Amino acid sequence: MPETTEIRELTRKRGGVNHKLTNFVKHVVPIYNTFKINPSLDDEVIIELQNRLDKLEIIYNEFEGIQLEIESLSADDVLEGHYKERDEFTDKYNKYYAITKKMLNANLSIDDRIAKVSELNLCKNCLCSGHESAGCKAGSCKVCKQKHNKLLHPTVSGKKSVEEAESFASSYVSNDIEGSYVMLSTVCTYI
Ligand SMILES: [Zn+2]
Ligand SMILES: [Zn+2]
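What counts and what doesn't
- Residues numbered from 1 in each chain as written.
- Chains lettered and ligands numbered in written order.
- Predicted model: local features only at pLDDT ≥ 70, side-chain atom pairs only at ≥ 80, totals over all residues.
- Helix = DSSP H or I, 4+ residues; strand = E, 2+ residues; numbered from the N terminus.
- Contact = placed C-beta atoms within 7 Å.
- Core = buried A, V, L, I, M, F, W, Y, C linked by C-beta atoms within 7 Å.
- Buried ≥ 20, exposed ≤ 12 C-beta atoms within 10 Å, placed from the backbone.
- Axes fitted to C-alpha atoms, helices over the stretch in contact; angles between N-to-C directions.
- Parallel < 35°, antiparallel > 145°, perpendicular 65-115°, else oblique.
- Left-handed = near helix turned anticlockwise from the far one by under 90°.
- Expected span 1.5 Å × (residues − 1).
- pLDDT = per-residue confidence, 0-100.

Things to note about the overall build of the chain
- In terms of regular secondary structure, the chain is built from five helices and zero strands.
- Beginning at the N terminus, the succession of helices and strands in the chain can be written as α-α-α-α-α.
- Restricting the contact set of the chain to residue pairs at least 6 apart, pairs at least 24 apart contribute 66%.

Dropping the structure here:
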């Protein structure tokens, strides 16, 4: 049956894409282990991570294309197995995408952080959405008493502390292993 040959071909291709994801994970895991101890990564490591993350999005689309073809060509009795493959790929992808994003966000400079907060339309004081810093009821910066978050306070050296980097990352990126890259609504108690 020609259909079977086609599916076999596609399954092989899918295996190749899976392998690319596995390579990404292999690259990320040791960096993440280091990051958990010291969340301040070297510039080269950050650039490499960003490059790989950009490619990962392409890998995802590749998978999606192949997978849809497989699913449309497959007989009903084997579909369940293919759906399982899809779930496994998606779970792994989401998990390591979120971990990589978290590491990259933790290593933003103060300027990058400010840009990020503007981009996400958040209050510069409490990092929540829905109001401007001028009308924010949360306490002001502990360092200079201005209406901005301590994590956005300009530092003299520009070097962020481990604690700060970690705190900034977790202030708006969920640690949730499900991998969704979401705002933490729980930190917003001043809306
Ligand atoms: Zn606020
Ligand atoms: Zn300040």
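What to know about the nonpolar core
- Ranked by size, the top nonpolar core spans nine residues in total: Phe24, Val28, Phe35, Leu49, Tyr96, Ala98, Ile99, Met103 and Ala106.
- Elements with a contribution of two residues or more to this core: α1 (2-37) and α3 (76-106).
- Broken down by element, the residue count for this core peaks at five residues, all from α3.
- Val117, Cys126, Leu127 and Cys136 belong to the second largest nonpolar core, which has seven residues in total.

Examining unusual backbone geometry
- Here the phi dihedral of leucine 127 falls at roughly 65 degrees; this positive angle occurs in a residue that is not glycine.
- With respect to the helices, strands and loops of the structure, leucine 127 is situated in the loop between α4 (110-119) and α5 (162-172).
- Positioned with a positive phi, lysine 145 is a non-glycine residue whose angle comes to about 70 degrees.
- According to the C-beta neighbour criterion, lysine 145 is exposed, with 9 such atoms within 10 Å.

Focus: the packing of helix α2 (residues 43-73) against α3
- Where α2 meets α3, the closest approach of the two axes is 11 Å, and the angle between their N-to-C directions is 165 degrees. Taken as axis vectors, α2 and α3 run roughly antiparallel relative to one another. Every pair of crossing elements has a handedness; the one defined by α2 and α3 is left-handed. In this structure, α2 contributes Ile46, Leu49, Gln50, Leu53, Leu56, Tyr60, Phe63, Gln67, Ile70 and Glu71 to the contact, and α3 contributes Leu79, His82, Arg86, Phe89, Tyr93, Tyr97, Thr100, Met103 and Leu104.

Observations concerning the environment of lysine 142
- Turning to its location among the elements, lysine 142 is positioned in the loop between α4 and α5.
- Separated by 11 residues in sequence, lysine 142 and histidine 153 have C-alpha atoms that sit 9.3 Å apart.

A closer look at α3
- Along its 31 residues, α3 runs 45 Å from first to last C-alpha, staying within 8% of the 45 Å computed at 1.5 Å per residue.
- Those residues of α3 that fall on the buried side of the exposure criterion are Tyr96, Ala98, Ile99, Thr100, Lys102, Met103 and Ala106.

Thoughts on the confidence of the model for the chain
- Model confidence for the chain is summarised by a mean pLDDT of 83, while 79% of its residues fall at 70 or above.
- Contacts from residues 173-187, a stretch scored under 50 in pLDDT, to residues over four places away or in other chains number 23 contacts.

What to know about the environment of valine 17
- Of note, valine 17 is situated in helix α1.
- Linking valine 17 and glutamate 62, residues 45 residues apart in sequence, is a C-alpha distance of 7.2 Å.
- Sequence-distant contacts of valine 17, defined by excluding residues within four places in its chain, comprise Ile59, Glu62, Phe63 and Ile66.

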